[in-house]
Amino acid sequence: MPNQYFKVSVQTAWGLALAQFILFALSLASRLSIIDFEPASFNSLFVMLSVIITIVFANDMIANRIINKWVWVFSLIVLNTITPIVYLIQREKLIRLGKKLK
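Procedures and definitions
Residues numbered from 1 in each chain as written. Predicted model: local features only at pLDDT ≥ 70, side-chain atom pairs only at ≥ 80, totals over all residues. Heavy atoms only, no water. Helix = DSSP H or I, 4+ residues; strand = E, 2+ residues; numbered from the N terminus. Buried < 20%, exposed > 50% of the residue type's maximum accessible area, 1.4 Å probe, protein only. Contact = heavy atoms within 4.5 Å. Areas by Shrake-Rupley, 256 points an atom, 1.4 Å probe, with all protein chains shown as cover. Core = buried A, V, L, I, M, F, W, Y, C linked by side-chain atoms within 4.5 Å. Patch = residues over 30% accessible without salt bridge, like charges linked within 9 Å, V, L, I, M, F, W, Y side chains within 5 Å. Salt bridge = Lys/Arg side-chain N within 4 Å of Asp/Glu carboxyl O.

In this section: the overall build of the chain. Within the chain one finds four helices and zero strands. The N-to-C order of helical and strand elements in the chain reads α-α-α-α. In the chain, which comprises 102 residues, the share counted as buried stands at 36%. The long-range fraction of contacts in the chain, counting pairs at least 24 apart against all pairs at least 6 apart in sequence, stands at 63%. Of the roughly 6,400 Å² of accessible surface on the chain, a fraction of 69% belongs to carbon and sulfur atoms.

Take a look at the structure:
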């Protein structure tokens, strides 16, 4: 049941979320000239990964009965970098509370 609506495994979802966060940090560091990388390559990878993560996590959020569903979907759109990590940490609790409040 914990992997009911993810189109990928939970481990893959964690990998995607952490990869997005690392790409965001590298992109930010390259823009601030802390590290010497080409920012355009990190930006394009970050945008592509953000779109994929938004689709995967929004599908899971909408399909499951979780508490404050639309707050989570809105925060996924606005705070795309940190919301997937927080959601994965709180996911089981949100589903459990959503079922109790039927």
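This brings us to the side chain of Thr-81. Counting through the fold element by element, Thr-81 comes out in the loop between helix H3 (69-78) and helix H4 (83-100). Residues contacting Thr-81, with those up to four places away along its chain left out, are Gln-20, Phe-21, Phe-24 and Phe-46.

Take the side chain of Ser-75 next. In this structure, Ser-75 sits in helix H3. Once you skip the residues sitting within four places of it in the chain, Ser-75 turns out to touch Asn-80 and Thr-83.

Now for unusual backbone geometry. Of note, Asn-68 is a non-glycine position whose phi angle comes to about 55°, a positive value. One can find Asn-68 in the loop between helix H2 (39-63) and H3.

This next bit is on the nonpolar core. Formed by 20 residues in total, the largest nonpolar core has its most connected members in Phe-57, Met-61, Ile-66, Trp-72 and Tyr-87. Of all elements in the fold, only helix H1 (10-31), H2, H3 and H4 reach the threshold of two or more residues within this core. A per-element tally of this core places H2 first, with seven residues.

For the rest of this paragraph, the subject is a nonpolar patch on the surface. The grouping of Phe-21, Phe-74, Ile-77, Val-78, Leu-79, Ile-82 and Val-86 at the surface amounts to a nonpolar patch, some 660 Å² of accessible area in total. Counting residues per element, the nonpolar patch draws most heavily on H3, at three residues. Relative to the helices and strands, Ile-82 is located in the loop between H3 and H4. Classification of Ile-82 as partly exposed rests on a relative accessible area of 39%.

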